[in-house]
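Overview (structure and organization)
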Amino acid sequence: MTPKTFKIKSFGCQMNVYDGERMAELLTEQGMSAVDEGADAELVVLNTCHIREKAAEKAYSDVGRLRREDGSKPLIALAGCVAQAEGAEAQRRSPMIDIVVGPQAYHRLPQMVAEATRGARPVDTDLPPLSKFGAFPLRRRANPSAFLTVQEGCDKFCTYCVVPYTRGAEISRPWSDIVDEAQALVDAGAREIVLLGQNVNAWEHEDRGLADLIRALARIDGLERIRYTTSHPVNMSDDLIAAHGEVKKLMPYLHLPVQSGSNRILKAMNRSHTADSYLATIEKVRSARPDIALSGDFIVGFPGESEEDFEATLQIVDAVRYASAYSFKYSARPGTPAASMEDQIPREVMDDRLQRLQSRINEHRLAFNRSAVGIETEVLIERSGRHDGQMIGRSPWLQSVHVDTSAAPGEIVDVTLVAAGPNSMTGAVRQEVAA
Ligand code: SAM
Ligand code: SF4
């Protein structure tokens, strides 16, 4: 019997969140309804991430937990990057998995569900670029801050990373599809759009780049804020940097991963930038938009990383003074060049470096937040807070801001930032400026 209810569990990056929303729309269009708890759903989609350690093992144990007390189980679809990497092997390792669907095949999910209900065990891990986007229905629901994938895949082949293998080659969605989807999101209530891509700033279509796209989206009435993530330093064009100075709706925030501060390690990572070229880019961005909040990604314990290399990473953190940053222990990914490099770093060394790096990043984050106290700014309200009358929203610099206000999600309130913590700010309403 065709399932009537479904639950999609998305792990990992924002692009998975976007894909999860789109799969939900597809299934809803087929007459199924979403339920909150996996245990109640007749179909469960596990939208997995493969970027770090034990991703596959975690996915298989999540599958195992879907067995109900009476021994029955829902229809199970393994989606996302683990599905892409494991393919049909997934069903050999876990016979509970009915469907294996890779990130470029989601448009076939309803058909695969129908096949599975007839007893088949469909697997689709083809990588036909862009087919899925054409099959997704028009957006009818949107959060105040909505994701919009504009670019997928990666041709950069950093030596530690699985993305080029699980998401396929770099591909940009066409201009008009994106503008139409952005308009639909705004019509559905979005006030902010976050453009997504594995290398979002590599987006291009008919000689136009991301800066042109941002300028066009900024003309949409009702859209108040634009962000984009994740960018690669080598694709940070002068035009995109200039847009940060010109386009009012483009928020003063940039996530620009550097991974390491050591040129020797950056070379071994195949990052195609150096610490100095990265810092030069940051300087240009800061002269276009002096108040920009900078964020980044770091990997500690890449094979061969010496204490001196790690010190260079701490130095780049101090030089940039990140407003926030993500840091990870290197995880050997099967099939990537770095996994077979000599001199893999012992776990205790990685633990120690990660802890030192994170405490340095936290110092800068707190300093950034403290420097914002007293600033008058706007907060886009996203959801209710813990206390009665408290709402949580975002500042232009992506800080989470707690505000006592009667404003609803989607409204923009004019606040003074009055207090700073390591993870959030407190804002006091001055007046409500936009409905
Ligand atoms: N394309 C983006 C870029 O190059 O900055 C990032 C994509 S990746 C999904 C997000 C982050 O995961 C990377 O920036 C990197 O810091 C981290 N990452 C990727 N592979 C990793 C690995 N094998 N071990 C640890 N962290 C990893
Ligand atoms: Fe992975 Fe590097 Fe591509 Fe980012 S640029 S997705 S880290 S291969």
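This section reports on the structure supplied with the text. (Residues numbered from 1 in each chain as written. Chains lettered and ligands numbered in written order. Predicted model: local features only at pLDDT ≥ 70, side-chain atom pairs only at ≥ 80, totals over all residues. Heavy atoms only, no water.)

Moving on to the overall build of the protein. Across its full length, the protein holds 14 helices and 21 strands. Its C-alpha radius of gyration of 22 Å places the protein within 12% of the 22 Å reference for a compact globule of 435 residues. If you line up the protein on its principal axes, its C-alpha atoms span 60 × 55 × 45 Å. Taken over 435 residues, the protein has a buried fraction of 54%. Across the protein, the fraction of contacts at a sequence separation of at least 24, relative to all contacts at a separation of at least 6, is 71%. Taken as a whole, the protein presents about 18,600 Å² of accessible surface, with 48% of it coming from carbon and sulfur. Within the protein, the 60 negative side-chain charges are centred at a point lying 2 Å from the centre of the 50 positive side-chain charges. (Helix = DSSP H or I, 4+ residues; strand = E, 2+ residues; numbered from the N terminus. Rg over C-alpha atoms; globule rule 2.2 N^0.38 Å. Buried < 20%, exposed > 50% of the residue type's maximum accessible area, 1.4 Å probe, protein only. Contact = heavy atoms within 4.5 Å. Areas by Shrake-Rupley, 256 points an atom, 1.4 Å probe, with all protein chains shown as cover. Lys, Arg positive; Asp, Glu negative; His and termini not counted. Charge placed at Lys NZ, Arg CZ, Asp CG, Glu CD.)

Attention shifts here to the side chain of His50. For His50, the position within the fold is in the loop between strand 3 (43-48) and helix 2 (55-64). Classification of His50 by relative accessible area gives buried; the value is 9%. Once residues lying within four places of it in the same chain are set aside, the contact partners of His50 are Ala55, Cys81, Val82, Ala85, Val162 and Arg333.

As a further point, take helix 14 (residues 347-371). Taking 1.5 Å per residue, 25 residues should reach 36 Å; helix 14 reaches 36 Å between its end C-alpha atoms and fits that length. Looking at helix 14, one finds that the buried residues are Met350, Arg353, Leu354, Leu357, Ile361, His364, Phe368 and Asn369. (Expected span 1.5 Å × (residues − 1).)

Packing of helix 8 (residues 175-187) against helix 9 (residues 210-217) brings their axes to within 11 Å, and their N-to-C directions diverge by 35°. The hand of the helix 8/helix 9 crossing is right-handed. Listed contacts from helix 9 to Trp175, Ile178, Val179 and Ala182 of helix 8 are Asp212, Leu213, Ala216 and Leu217. By residue class, the composition of the contact of helix 8 with helix 9 is 7 nonpolar, no polar and 1 charged. (Axes fitted to C-alpha atoms, helices over the stretch in contact; angles between N-to-C directions. Left-handed = near helix turned anticlockwise from the far one by under 90°. Nonpolar A, V, L, I, M, F, W, Y, C, P; charged D, E, K, R; others polar.)

A few words now on the site of ligand 1. Around ligand 1 lies a shell of 16 residues, among which Gln198, Pro257, Gln259, Asp297 and Ser331 are the nearest. Here a nitrogen atom of ligand 1 sits 2.7 Å away from a polar atom, N or O, in the main chain of Gln198. Taking Ser331, its main chain carries an N or O atom lying 2.8 Å from a nitrogen atom of ligand 1. A total of 560 Å² of accessible area belongs to ligand 1 in isolation, and the protein chains cover 90% of it. Elements with a contribution of two residues or more to the shell around ligand 1: strand 15 (293-300) and strand 16 (324-329). Taken together, the residues of the shell around ligand 1 break down into 6 nonpolar, 5 polar and 5 charged. (Near = heavy atom within 4 Å. Polar contact = N/O pair within 3.5 Å; in protein donor to acceptor, adjacent residues only side chain to side chain.)

Attention shifts here to the sheet that holds strand 13 (residues 225-229). One open sheet accounts for 3 strands, arranged 7-10-13; its pairing is parallel. A single partner strand is all that each edge strand has here, and the edge strands are strand 7 (145-149) and strand 13. Pairs of neighbouring strands in the sheet enclose a mean axial angle of 25°, with direction left out of account. In terms of strand pairing, strand 10 (residues 192-196) meets strand 13 through 5 bridges, oriented parallel. In the strand pairing of strand 13, Val194 is matched with Arg227. (Pairing = 2+ DSSP bridges.)

All told, the structure shown has 35 salt bridges when counted by the stated rule. Note that Arg167 and Asp19 form a salt bridge whose closest N and O atoms lie 3.0 Å from each other. A residue pair is termed long-range when its members are at least 10 positions apart, and Arg167 in the loop between helix 7 (163-166) and strand 9 (171-172) and Asp19 in helix 1 (residues 14-29) qualify at 148 residues. When sorted by exposure, Arg167 lands in the same class as Asp19, which is buried. Between Glu170 and Lys156 there is a salt bridge, and its shortest N-O distance comes to 3.1 Å. (Salt bridge = Lys/Arg side-chain N within 4 Å of Asp/Glu carboxyl O.)

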